[in-house]
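Next come the chains, spelled out residue by residue.
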Amino acid sequence: MSDIQSEIQADPAVPTTPSVRFADFGLSPDILRALSDQGYVHPTPIQAEAIPVVLQGRDVMGAAQTGTGKTAGFSLPIIQLLLAHANTSASPARHPVRALILTPTRELADQVAENVRAYCRHTALRSTVVFGGVDIAPQTAALRSGIEIVIATPGRLLDHVQQKTLNLSQTQILVMDEADRMLDMGFLPDLQRIINLLPKERQNLMFSATFSGEIKKLAATFLKNPVTIEVARSNATADNVTQTMYHVNEQTKAEAVSYIIRERNLKQVIVFSNTKIGASKLSRHLESEGVKASAIHGDKTQNERMAALEAFKQGEIEVLVATDVAARGLDIAELPCVINFDLPYNAEDYVHRIGRTGRAGASGDAISLYADKDERLLVDIEKMIKHKFVRAELTGFVAKPASAERERSGRGADARGDRSSDGRGAASGRSTQHTRSAYTSTPTTRKEKIDPWFLKPYEPTLAADVTASSVAPAGVAIKPPKVKLAALLGGLPKR
Ligand code: AMP
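Residues numbered from 1 in each chain as written. Predicted model: local features only at pLDDT ≥ 70, side-chain atom pairs only at ≥ 80, totals over all residues.

A. How the structure looks around the pairing of strand β5 (residues 149-152). By the alternation rule, side chains of β5 split into Ile149 and Ile151 and Val150 and Ala152, which are all buried. As paired strands, strand β3 (residues 99-102) and β5 are joined by four bridges and run parallel to one another. The residue bridging Ala99 from the neighbouring strand is Ile149, located in β5. Following the backbone out of strand β4 (residues 127-130), through helix α5 (residues 137-145) and into the adjacent parallel β5, one traces a crossover that is right-handed. (Buried ≥ 20, exposed ≤ 12 C-beta atoms within 10 Å, placed from the backbone. Helix = DSSP H or I, 4+ residues; strand = E, 2+ residues; numbered from the N terminus. Pairing = 2+ DSSP bridges. Right-handed = clockwise from strand over helix to strand, strands pointing away.)

What follows is the structure, given as structure tokens:
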């Protein structure tokens with residue numbers, strides 16, 4: 001396969017700053033011990049810049065790409081600042097909420113919480129995570145016991161406030177993580193309500209991968225004289241990600257994805273779909289091709305999503321097909337590749353998507369498929385990242401006759417009813433030799449053209465099934481799961 005690849009910048013991102021050590025920041029030995037448990041010695045650039053500034057009590061506006069280590073960049077100094085209040089008293093009153101970290105998605109909340117928990121583990125500080133889609137009772141119990149650091153998604157946080165299980169009146173530090181996504185997801189009114197519940201005197205940290213006018217406006221409303229920390233060029237893609245843009249026919253995209261996965265022998269890849277239906281269909285198509293795949297999107301329960309994510313992390317699932325919202329904030333160590341099955345409607349999402357790979361300095365591959373109808377989306381992305389892609393062909397890919405025929409008959413326009421897809425067949429100057437040969441294959445009848453996988457109702461994967469049964473109401477018989485999947489039960493297991 002001839003790969004015509006384009007890179008944003010030739011030199012790879014530096015994962016850490018070797019001239020600086022965490023010990024140089026004056027962090028407590030308890031924090032340093034937790035860092036050494038993680039194997040971290042040197043800070044990443046955002047950490048090197050943010051930690052001293054946050055320790056000084058300053059507000060921060062951080063333009064941080066995903067995978068830069070920004071979570072430790074804000075959580076380590078927060079823990080340090082709160083250590084003065086750490087105590088082992090059993091009284092909840094001695095453990096008021098002192099830091100609030102808001103994230104747009106449940107997955108990101110969970111991931112940030114996991115980091116905070118790890119960094120606090122040798123201290124007496126308590127942390128917990130609250131997000132929707134799961135039973136509120138255990139969260140209520142945790143909050144009632146007294147918690148210094150709360151990581152939350154806005155909606156569920158407000159539920160707790162309303163139920164009076166959470167009092168924010170002693171919050172000293174507010175973090176808004178992935179603020180751009182919070183606005184995209186319509187959280188602005190919730191954010192304003194939350195800000196109104198906090199003491200006026202507090203430290204504010206805001207992180208965002210991209211900085212639109214709206215984000216700047218939000219920052220101006222609640223940050224006081226902030227220090228701007230911009231480690232990476234805003235609205236730029238991760239420097240260490242190799243990006244490839246393949247032109248394909250709309251109707252053979254699913255096959256093209258399985259071809260790429262097989263050809264590159266990919267064992268851990270996130271594939272992005274713009275729609276929930278598209279994600280489920282693609283996941284089923286990949287499974288029909290023998291690829292271990294699972295879809296995560298907004299229609300799946302939180303437990304299904306977490307089970308799929310964990311199965312993916314454990315290598316039981318090779319391909320996670322995700323929508324943007326579901327994938328937001330996922331940090332899967334050393335994810336080697338992401339594939340854009342659809343180009344995102346919003347160019348900023350391209351930056352977020354490809355940020356899933358090449359994290360913390362590791363190199364990554366971002367492969368995107370685009371059809372003729374996507375040219376405008378492609379140009380939008382190019383404008384945003386200020387880079388012109390080489391439009392490459394997926395050399396060696398041969399579409400199956402049925403798909404090619406579907407394409408030729410123009411019947412396969414997608415679920416959005418877009419019939420302008422590129423059914424140009426051999427006439428297309430961009431079609432590969434192999435695709436052309438597919439177009440000249442023996443025509444099939446209309447009935448045969450429909451891929452039966454696409455007509456089947458959604459069937460949850462085994463992992464999702466097991467987890468769904470784990471949340472069955474009391475009294476409902478639960479079939480014991482297979483031993484191999486037992487680790488997936490009872491919330492997100494530790495990595
Ligand atoms: P984040 O951008 O905070 O999601 O972090 C991205 C990844 O980098 C996570 O997997 C972290 O565990 C990892 N990481 C964070 N800080 C460091 C560090 N100083 N050295 C090595 N890896 C790190």
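B. Expanded view of helix α2 (residues 45-55). When you tally the buried positions in α2, you get eight out of 11 residues, the bulk of the element. Every buried residue of α2 is accounted for by Pro45, Ile46, Gln47, Ala48, Glu49, Ala50, Ile51 and Val54. Check the buried side of α2 and you find it contacts β2 (60-63), α3 (70-82), β7 (203-208) and β8 (227-230). Of the residues trailing α2, Gly57 is marked for its positive phi of about 85 degrees. (Contact = placed C-beta atoms within 7 Å.)

C. A look at the nonpolar core. Counting residues in hydrophobic clusters, the biggest one holds 112 residues, and the most contacted among them are Ile151, Ala152, Val257 and Val271. Residue contributions to this core peak at seven residues, all from helix α4 (residues 106-120). Aside from chain neighbours lying at most four places away, what touches Val271 is Val257, Leu282, Val319, Val321, Ile339 and Phe341. (Core = buried A, V, L, I, M, F, W, Y, C linked by C-beta atoms within 7 Å.)

D. Expanded view of helix α1 (residues 29-38). Of all the residues in α1, the buried ones are Ile31, Ala34 and Leu35. In a view along the axis of α1, the buried residues occupy a sector of 100 degrees, so they form one face of it. Opposite the buried face of α1, by more than 90 degrees, sit the exposed residues Pro29, Arg33, Ser36 and Asp37. Buried positions along α1 lie against α3 and α4. (Arc of directions from axis to C-beta.)

E. Structural view of the sheet that holds β3. Read from one edge of the open sheet, seven strands run β4-β5-β3-β6-β7-β2-β8, paired in parallel fashion. At either margin of the open sheet sits one strand with a lone partner, and together these are β4 and β8. Going from strand to strand, the sheet's axes swing by 15 degrees on average, the running direction of each strand aside. Across the face of the sheet, α4 comes into contact with β3, β4 and β5 while running at roughly 175 degrees to β4. (Axes fitted to C-alpha atoms, helices over the stretch in contact; angles between N-to-C directions.)

F. Fine view of unusual backbone geometry. At Lys164, a residue that is not glycine, the phi angle is positive and equals roughly 60 degrees. Looking at where Lys164 falls in the secondary structure, it is placed in the loop between α6 (154-162) and β6 (173-176). Positioned with a positive phi, Lys386 is a non-glycine residue whose angle comes to about 55 degrees. By secondary structure assignment, the location of Lys386 is in the loop between α15 (375-385) and β15 (391-393). What makes Lys386 exposed here is the crowd of 11 C-beta atoms within 10 Å.

G. Broad picture of the packing of α2 against α3. One can describe the packing of α2 onto α3 by two numbers: an axis separation of 8 Å at closest approach and a directional angle of 25 degrees. In terms of axis orientation, α2 runs roughly parallel to α3. The crossing of α2 and α3 is right-handed. Facing Ile46, Gln47, Ala50, Ile51, Val54 and Leu55 of α2, the residues of α3 in contact are Lys70, Ala72, Gly73, Phe74, Leu76, Pro77, Ile78, Gln80 and Leu81. Considering only residue class, the contact of α2 with α3 consists of 11 nonpolar, three polar and one charged. (Parallel < 35°, antiparallel > 145°, perpendicular 65-115°, else oblique. Left-handed = near helix turned anticlockwise from the far one by under 90°. Nonpolar A, V, L, I, M, F, W, Y, C, P; charged D, E, K, R; others polar.)

H. Representation of the packing of helix α10 (residues 253-263) against helix α11 (residues 276-288). Two numbers describe how α10 lies on α11: the axes approach to 10 Å, and their chain directions differ by 50 degrees. Between α10 and α11, the angle falls in the class oblique. Seen along the crossing, α10 lies across α11 with a hand that is right-handed. Contacts between α10 and α11 involve Ala254, Val257 and Ser258 from the former and Leu282, His285 and Leu286 from the latter. Its residues placed into classes, the contact of α10 with α11 shows four nonpolar, two polar and no charged.

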